[in-house]
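# Fold and geometry: a report
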Amino acid sequence: MTAGSDSVLELLPKVFAAPGEALAGAEEVLGADPSPLHASVAHQVIGIWQRDFGDLRLALDHLRRARDLAARAESADREADVLGTLGVALVHAGRTRQGLDAFERGVERGTGHTRARVLYRRAYVWWVLGRHREALEDVRRAIPVLRQADDVIWTARALTLRATVHLALGAVERADADFTAAEVLWDTTGQEHDKADAVESRGLAAYRSGDIPAALRLLDEAEERYAKLGTPTFMLDIRRCEVLMAAGLALEALAEADAAIGVLDEIGGQSTRKAELLLVAARAARLAGDPHTAIARAALAVRLFAGQRRTWWETHARLVLIEARLVTGRASGRMVADAAAVAERLASFGAPAAPEASLLAGRIALALGWRADAERHLGIAARSRHAGPPLARMTGWAAQALRARAAGSGRGVLEACRRGLDVLDDHRTTLGASELRARATAQGAELAALAQRVSLDSGGPRRLLVWSERWRATVLTAPPTRPPADPALQSGLTAFREIAARAEAARMEGRPVPALEREQRRLEREIRSRTLHMRGEAPDDGDRFDPARLLTQLGDDIRLVELVVVDGRVQVLLCGQGRVRRYEGGLLADAETEAEHVQAGLRRLAHPGAEGRLPVVEAAGRRLEELLLGPAAEHLGNGPVVVVPPGRLHRVPWALLPSLRERVVSVSPSASSWLRARQTEPPPGGRQVLVRGPGLATGGAEVPELAGRYGTPTLLEDDDASVPRVLEGLDGAALAHIAAHGTFRADSPLFSALRMADGPLIVHDFERLDRSPYRIILSCCDTARFASVGADELLGLVTALLPLGTAGVVACSAPVNDAAVVPLMVALHKGLGAGLSLAEALRDARAALPGDAVHQATGWAFSAFGAA
C-alpha cells in the first residue's frame, strides 16, 4: 500500500467496492510511517468508513486529521477533496453551518475534476437538508465535468443523486431516466456498495411510482447485497419503512424504525439519519393507531431537524405532529392555521405531501364549521386527484368528497368516493400477496365510510347494501396470485416445516427451544418477504355487485343478513323476497364485548364440570341477538339464513343466537362471496380425502368411521399425512375432512397452521393449490379464527380457501372438547351423504348431539361458511 500514490489513492473508491478491505488497507498505510499525503488519504478512508458504517465522532476525528495532513502536503486538490468529505460528515452530525462552511472552502480550493466531486458532495448535502433546487444546481454543474474526465464512478453517483432529488420533487419519469443511465455505468464497475445503493434507489423509484411488490423486492435485494459487504445502511431502513407503510404494514414499519434507531444510537451514528428514522416512526405510529407514540417521535424529530437547519424535513415532521395531535384532542382554529402553514411551506418546496397537509387543514376547518376555509383548503388538496401516484390521487378524491359533503351534494360525495376507490382498486391489483391486498384497503376506509353515511342518510337500504359490498371482503373478489415456482421459496417452506416440527417435539419433551424459535422466525420472515414480492394479475372488471342478482338467487325462502357499521352502530340489511330492508342494531363496541364474553364461556364449556356456565353463555347469546339483529330477528322467515358480518365480529358463534339456533345458517365474508360460492360447480369424480394429523386427544376417532362410510376415499394418516402428500390429495377434491390440531397466529395470520406428520400446513401452502377442495371440513380448534385488517378484511385459513375454488367450509372459532367433536362430525357426514348442504348437515348434526353443556357448546362453536 505504500509503494506509490496511485495504490494509496485506490483505497478511496474501494470504500464503496470492498469496504472491509479498504479499511484494513488504510490502517496498514498508517502503520507504515506514511508521508503526509498518503496519511491524509488513509485517514480520509477511515473517516468515510466510520461516517457511513460506524461511529460519527471517530469519523470527524479522522477527517479533521486528513484535512490537516492535506494542508501539510501542500496539495490544494487533496485538501478540497477532504473538505468535501468532512462537510458531509459535519452535516450528518447535525453541525450544518460548519458543514456548509467546509464546502465553501472545498469549492474554493478545488479545481476541475476535484471541484466537480466537491460539488457532487455538496449537492448530496443539499438533498439531505431538503434544499432540492440547490442540489439540482450543484449536480448540474458537476456532471459535465465528471463525464469529460471519464470518471465513471462519480458520474454514476451524480446521476443516481439527481434521480433521487427528482423523486423527492415527484418527477418520477426524470428519475427513471437518470437511474437507467446510472445503472448502465455501474455495470462497468466493481463498486459493489454503490451497486447495492443503485438497487436500493430503484426500489425507491418503484415505490414512488406505486409498484409496492417491486419496491419490496428491490429493497430486499439491496439488503442482501449490503449484508454480504457487512455495511449497515440506515437509509435503506428508512425507505423500507416508507414502503411498508404504503403496503399497510404500519406496525412492522414502527418496529423496524425503532430497532434501527436503537442500533444507530449504539454505534454513535449519523444524527441526520436518526431524525429521519424518528419521522418515519412517527408516521408509522400514527397509521398504526398509536397517536401518543406518534406525538413523542414527531416532536423529537422536529427539534432535531430544526437544530440541523433542515426546514424541508422539519415541515414534514410538523405535519405528522398536527395529524397525531388532532387524534388525541379537539380540533381548534390554531390547528387549522398550523396545518395551512405546513401546506403552504410544503407547496413552496414542491413536496408531494403538500395536498395531504391541505386536506388536513380542510378537514379540521370543516369540523369547526368554517365552510369558507374548508372549501379553500380542500379545493387545493383536490387538485391532486387527477395525477401522481395512487395514494396521492386518493388524497385528492378524499378532499373532493369532503367538499361535496360540505356543499350538501350527496351525489357529489358518492361520485368522488367511487372515483377514489376505483384508484385504490387499480392499485391493489398490482399486489399479488393477499395480505398486502387486504391491508391496502385501509387507505380507502374514509371514502367508504363517507359513502355509507350518505347512503344511510338519503339513499335507502339498497344503496347502502351496494356501498357495503363495494368495500367488504374485496380481497376475495378475485383469486389470489399463485406463488411463483421459486426454488428458494419452496426450500424455505420445507426448512420452516422441519424446524417448526423439531421445535414442537422439543416443547413436548420439556426441552428449551430458543435457538429453534429464532431460526423459525428467520424462515418465516424469508417466506413472507418472498410472497410480498408477488405482483397481481390483471383485474376483472366484469363482476360488479348487483343487488337484483343477489335477490334473484335468494328467492323467497333464503334471507341474507348483511351487518353494516356506520358511525359505530350496526345497521342490519335484511335481503330476501325481492327487497332489501334496513333495521337498526346496537353499538358495535357493545357487540364486540359481548362476543368476547361468549368466547370465554365456550372455552370454559369445552371442559367437563363447567355446566353452570351454560345459562350465562345462553344469556350472552340473547344479548348478542339484540345488538346484532335487533328488530330484524322477527322478520327472518322460516328458511335458511346467510349472515354477512363485519370483520370485527368474525368470532361470533351465530348458532348460539336464539333466532338462529334451529335454523340452517351459513356465514360469508360478503354477499358477493356467497354468490360466487353458490355458483361454483363441484369437480368431476366426487373424490373424498380424509386426513388424520398427529397428537389428537381422540386420535381423530371419527376418521376411521368416515373411511368406512365413503368406501374408497383417499386416506392420509400417520407418516402419509405429510404436507406434500396432503396438498396433493386436497388439490381438486370434492370433499376433504381434516382432523388435525389447528393453531391461529394473530401476529402473522398467514402462518396459522394445521399440524401434519412432518410439520405445519400453513395458509401459504394452501395458496399453492390449483384448486382447493369444493367442500372442506376442519374438525379442529381455532380454524375459523381470523385477523381483522385493512378496512373490513379478514386473514386466516377459511378466507384463504374461499377464493381458491372452495364453495363451503365447516370450521371452528373456539377451543372445543375433542371427544364431543367426534359425534358431531359423524352426524355431519351422515347429512352430507343424504344430499344436504354443509349448513343443513351442521344444523341437523347439532340437533342429534346429547343435550349436555359440553356437546351443546361444541355444536355452537362450529360454523358453515360459503354456500355449498
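Up top is the structure.
Residues numbered from 1 in each chain as written. Predicted model: local features only at pLDDT ≥ 70, side-chain atom pairs only at ≥ 80, totals over all residues. Heavy atoms only, no water.

### Here's the deal with the overall build of the chain
When helices and strands are counted, the chain shows 38 helices and 16 strands. For a compact globule of 868 residues, the expected C-alpha radius of gyration is about 29 Å, and the chain comes in at 31 Å, within 12% of that figure. Its C-alpha atoms put the chain at 100 × 70 × 45 Å along the principal axes. Expressed as a percentage of the 868 residues in the chain, the buried residues total 59%. At a minimum sequence separation of 6, the contacts of the chain that also span at least 24 residues come to 70%. A total accessible area of about 33,600 Å² is found for the chain, and carbon and sulfur atoms account for 49% of it. Separation between the mean location of the 107 positive side-chain charges and that of the 109 negative ones in the chain comes to 5 Å. (Helix = DSSP H or I, 4+ residues; strand = E, 2+ residues; numbered from the N terminus. Rg over C-alpha atoms; globule rule 2.2 N^0.38 Å. Buried < 20%, exposed > 50% of the residue type's maximum accessible area, 1.4 Å probe, protein only. Contact = heavy atoms within 4.5 Å. Areas by Shrake-Rupley, 256 points an atom, 1.4 Å probe, with all protein chains shown as cover. Lys, Arg positive; Asp, Glu negative; His and termini not counted. Charge placed at Lys NZ, Arg CZ, Asp CG, Glu CD.)

### Focus on the sheet that holds strand 9 (residues 742–743)
Within the open sheet, the three strands sit side by side as 9-10-11. Their pairing is antiparallel. Single-partner strands in this sheet number two, and they are strand 9 and strand 11 (759–762). Of the strand pairs in this sheet, strand 10 (residues 753–756) and strand 11 are connected by four bridges, and their pairing is antiparallel. Bridged to Arg755 within strand 11 is Pro760. Across the sheet, helix 26 (residues 487–508) lies against strand 10 and strand 11, angled at about 130° from strand 11, the strand it touches most. Together, strand 10 and strand 11 form the strand contacts of helix 33 (residues 723–730), whose direction differs from that of strand 11 by roughly 30°. (Pairing = 2+ DSSP bridges. Axes fitted to C-alpha atoms, helices over the stretch in contact; angles between N-to-C directions.)

### Details of the nonpolar core
One finds Val125, Trp127, Ile212, Leu346 and Cys417 to be the most contacted residues of the largest nonpolar core, which totals 137 residues. In terms of residue count, the dominant contributor to this core is helix 8 (residues 112–129) (eleven residues). Leave out the neighbours within four places in its chain, and Trp127 touches His132, Ala135, Leu161, Thr164, Val165, Met235, Arg239, Arg273 and Trp313. With 96 residues, the next largest nonpolar core counts Ile738, Leu761, Val763 and Ala864 among its residues. (Core = buried A, V, L, I, M, F, W, Y, C linked by side-chain atoms within 4.5 Å.)

### Remarks on the packing of helix 29 (residues 588–605) against helix 30 (residues 614–628)
Look at helix 29 against helix 30: their axes get within 9 Å of each other, and the N-to-C directions meet at 155°. It follows from the interaxial angle that helix 29 and helix 30 lie roughly antiparallel. The two elements helix 29 and helix 30 cross, and the hand of that crossing is left-handed. Between helix 29 and helix 30, the contacting residues are Asp590, Ala591, Glu594, Ala595, Val598, Gly601, Leu602 and Leu605 on the first element and Leu614, Val617, Ala620, Gly621, Arg623, Leu624, Leu627 and Leu628 on the second. Of the residues that constitute the contact of helix 29 with helix 30, the class distribution is eleven nonpolar, two polar and three charged. (Parallel < 35°, antiparallel > 145°, perpendicular 65-115°, else oblique. Left-handed = near helix turned anticlockwise from the far one by under 90°. Nonpolar A, V, L, I, M, F, W, Y, C, P; charged D, E, K, R; others polar.)

### As for the side chain of His650
Counting through the fold element by element, His650 comes out in the loop between strand 4 (641–644) and strand 5 (665–667). Owing to a relative accessible area of 15%, His650 belongs among the buried residues under this scheme. Here Gly647 takes part through its backbone oxygen, which lies 2.7 Å from a polar atom of the side chain of His650. (Polar contact = N/O pair within 3.5 Å; in protein donor to acceptor, adjacent residues only side chain to side chain.)

### Observations regarding the environment of Asp194
Note on placement: Asp194 falls in helix 12 (residues 192–208). When its relative accessible area of 7% is taken as the criterion, Asp194 is described as buried. The spatial distance from the C-alpha of Asp194 to the C-alpha of Ala17 is 7.0 Å, given a sequence separation of 177 residues. Those residues in contact with Asp194 that sit more than four places away from it in its chain are Phe16, Ile153, Arg157 and Trp186. In this structure the side chain of Asp194 is engaged in a polar contact, spanning 2.9 Å, whose partner is the side chain of Arg157.

### Structural notes on the pairing of strand 10
Across two bridges, strand 9 lies against strand 10 in antiparallel orientation. Counterpart to Thr743 in the pairing with strand 10 is Ala753. Once strand 10 ends, the chain turns through two residues before running back antiparallel as strand 11.

### Points about the environment of His607
Turning to its location among the elements, His607 is positioned in the loop between helix 29 and helix 30. The class of His607 is exposed, set by a relative accessible area of 53%.

### Structural notes on the pattern of salt bridges
Summed over the entire model, instances satisfying the criterion amount to 50 salt bridges. Where Lys14 meets Glu21, a salt bridge forms, and the shortest distance between an N and an O atom there is 3.2 Å. Relative accessible area serves as the criterion here: at 26%, Lys14 is assigned to the partly exposed category. We note a salt bridge from Asp68 to Arg67, for which the minimum N-O separation is 3.2 Å. For Arg67, a relative accessible area of 22% puts it in the partly exposed group. Connected through salt bridges with shared partners, the residues Glu415, Arg418, Arg419, Asp422 and Arg470 form a single ionic network. (Salt bridge = Lys/Arg side-chain N within 4 Å of Asp/Glu carboxyl O.)

### Looking at the packing of helix 6 (residues 76–92) against helix 7 (residues 96–109)
Running from amino to carboxyl end, helix 6 crosses helix 7 at an angle of 160°, the nearest separation of the two axes being 8 Å. Here helix 7 runs roughly antiparallel to helix 6, going by the angle between their axes. Considering how the two elements wind past one another, helix 6 and helix 7 form a crossing that is left-handed. Of helix 7, the residues touching helix 6 (which contributes Ala76, Asp77, Glu79, Ala80, Leu83, Gly84, Gly87, Val88, Leu90 and Val91) are Thr96, Gln98, Gly99, Ala102, Phe103, Arg105, Gly106 and Arg109. Of the residues assigned to the contact of helix 6 with helix 7, the class counts are eight nonpolar, six polar and four charged.

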